[in-house]
Amino acid sequence: MESVNLKELNERIQQESAFIDIVNIEMHKVIIGQKHLTENLLIGLLANGHILLEGVPGLAKTLAINTLANIVDAKFSRIQFTPDLLPADLLGTMIYSQKDEQFHVKQGPVFANFILADEINRSPAKVQSALLEAMQERQVTIGEHTYKLPEPFLVMATQNPIEQEGTYPLPEAQVDRFMLKVVVSYPKKDEEKLIIRQNIAGEFPKPDRQLKPADIVKARQVVRDVYMDEKIERYIVDIVYATRTPEDYGLRNLKNLMSYGASPRASISLALASKAYAFIKRRGYVIPEDVRAVCYEVLRHRIGLTYEAEAENINSEDIITQVLNSVEVP
């Protein structure tokens, strides 16, 4: 009975995920290379999570989310985070009208479907925490009133790994609110040649509007219907627990390298991102390879490193690799 249901579910997911190919074609009209970035943007969008991007300037981070917003025909806001930014600049404020002698709400740029929080670590904690309510609760409080944010709502925040002077590092509690942390690398040589050619030509390709925001909201419901076996759930819990109590998984050497492990939010994000990845691959069920494919993005910002790890030049990716090599695959 379960195999029949699984077959029906698989066929349904294949039909419902047909738009993924169209989105990829439109994205790669504009974005050359960066397949990893576009794939993770889709995972975040379909799994209803936010994305933290780390990469040097000029790697098409802004262009990628702007292009995706155009394809979905959604409202896009770019907010440049600076040290003098105020929460009201982000959320909106109450403005007094002399005409009718009362206050009116002027909504800020956060009231959009796609938000690019550019260089989020350049603004002080007060602004970062203002964005936090919007990210977590999907609502904003201005004065005495609370306003719901539009659906879908996706925040993509960027960080520049080079310049650390005059920045305000995100606290662990806030970093944990991001479902994925994606590290963006340089394009390959042949891709860079195409980038030069495209920019010199002057005629920049534009993506066609293929979807509506309602299509994404519907797709999110379908992603949650992707089948996840109990063995896969156990595998996810084992991976997360191996970052908390590594000695239970034969990883005693990691005990002194981690100050804290991944939170329960990591387990939820790992499950949802795995389902979204299976959906992108046009499959109605999650396999261990799906979990492994999204594991680095979900966990890399959720593992605290000790001074000992930094002294030995060990980063969170090295720890995740050891965890994945040690936890038994179902």
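Residues numbered from 1 in each chain as written. Predicted model: local features only at pLDDT ≥ 70, side-chain atom pairs only at ≥ 80, totals over all residues. Heavy atoms only, no water.

Asker: Explain the sheet that holds strand β1 (residues 51-54) to me, using residue names and the numbers behind them.
Answerer: Sheets are built from strands that pair by backbone hydrogen bonding, the pairs being arranged parallel or antiparallel. The parallel open sheet is built from 5 strands, whose spatial order is β2-β5-β8-β1-β9. Unpaired on one side and paired on the other, β2 (76-80) and β9 (180-183) mark the two borders of the sheet. Each strand axis lies, on average, 20° off the axis of its neighbour in the sheet, ignoring direction. Here β1 pairs with strand β8 (residues 154-159) via 4 bridges, running parallel. Opposite Glu54, over in β8, you have Gln159 as the bridge partner. Contacting β1, β5 (114-118), β8 and β9, helix α3 (residues 35-46) crosses the sheet at an angle of about 170° to β9. Relative to the sheet, helix α4 (residues 61-72) contacts β1, β2, β5 and β8, its axis offset from that of β5 by approximately 170°. (Pairing = 2+ DSSP bridges. Helix = DSSP H or I, 4+ residues; strand = E, 2+ residues; numbered from the N terminus. Axes fitted to C-alpha atoms, helices over the stretch in contact; angles between N-to-C directions. Contact = heavy atoms within 4.5 Å.)

Asker: How would you sum up α3? Please name residues and give values.
Answerer: The terminal C-alpha atoms of α3, which comprises 12 residues, lie 17 Å apart, in line with the 16 Å expected from a rise of 1.5 Å per residue. A large share of α3 lies buried, amounting to 10 of its 12 residues. Among all positions in α3, only Leu37, Thr38, Glu39, Asn40, Leu41, Leu42, Ile43, Gly44, Leu45 and Leu46 are buried. Immediately downstream of α3, the backbone of Asn48 shows phi near 60°, a positive value. (Expected span 1.5 Å × (residues − 1). Buried < 20%, exposed > 50% of the residue type's maximum accessible area, 1.4 Å probe, protein only.)

Asker: Tell me about the environment of Asp21, and please be specific about residues and values.
Answerer: By secondary structure assignment, the location of Asp21 is in helix α2 (residues 19-30). Between the alpha carbons of Asp21 and Phe153 there is a distance of 22 Å; along the sequence they are 132 residues apart.

Asker: Any chance you could break down the packing of α2 against α3 for me, citing the residues and the numbers?
Answerer: With their axes 11 Å apart at the nearest point, α2 and α3 run at an angle of 135° to one another. Of the possible angle classes, the one that applies to α2 and α3 is oblique. Considering the relative orientation of α2 and α3, their crossing is right-handed. Taking contact as the criterion, the partners of Phe19, Ile20, Val23, Asn24, Met27 and His28 in α2 are, on α3, Lys35, Thr38, Leu41, Leu42 and Leu46. The class makeup of the residues in the contact of α2 with α3 is 7 nonpolar, 3 polar and 1 charged. (Parallel < 35°, antiparallel > 145°, perpendicular 65-115°, else oblique. Left-handed = near helix turned anticlockwise from the far one by under 90°. Nonpolar A, V, L, I, M, F, W, Y, C, P; charged D, E, K, R; others polar.)

Asker: Which residues make up the nonpolar core, and what are the values?
Answerer: Grouped burial of nonpolar side chains is what soluble globular proteins tend to show. Ranked by size, the top nonpolar core spans 76 residues in total, and within it Leu46, Leu68, Phe114, Ile239, Leu270, Phe279 and Leu299 carry the most contacts. Looking at which element gives the most residues to this core, the answer is helix α11 (residues 264-280), with 10 residues. The contacts of Leu299, once residues within four sequence positions are left out, are Ile239, Ala262, Ala266 and Ile320. Formed by 26 residues, the second largest nonpolar core is a distinct cluster that contains Leu91, Val110, Ala112 and Ala130. (Core = buried A, V, L, I, M, F, W, Y, C linked by side-chain atoms within 4.5 Å.)

Asker: Tell me about the pattern of salt bridges, and name the residues and values.
Answerer: A full pass over the atoms with the stated rule returns 19 salt bridges. Of the charged contacts in the structure, one is a salt bridge between Glu39 and Lys281, with a shortest N-O distance of 3.4 Å. Of the two residues, Glu39 is situated in helix α3 and Lys281 in the loop between α11 and α12 (288-299); the sequence distance between them amounts to 242 residues. Note that Asp73 is salt-bridged to Arg209, the shortest N-O span being 3.5 Å. Here Arg209 lies in the loop between α8 (189-201) and α9 (213-224) and Asp73 lies in the loop between α4 and β2, a separation of 136 residues in the sequence. The structure contains a network of salt bridges with shared partners spanning Glu26, Lys29 and Asp208. (Salt bridge = Lys/Arg side-chain N within 4 Å of Asp/Glu carboxyl O.)

Asker: Please set out the pairing of β1 residue by residue, giving values where relevant.
Answerer: One face of the sheet, then the other: side chains in a regular strand alternate in exactly this way. Neither face of β1 is exposed, since Ile51 and Leu53 on one face and Leu52 and Glu54 on the opposite face are all buried. The pairing of β1 with β9 spans 4 bridges and is classified as parallel. Bridge pairing in β9 places Glu54 opposite Val183.

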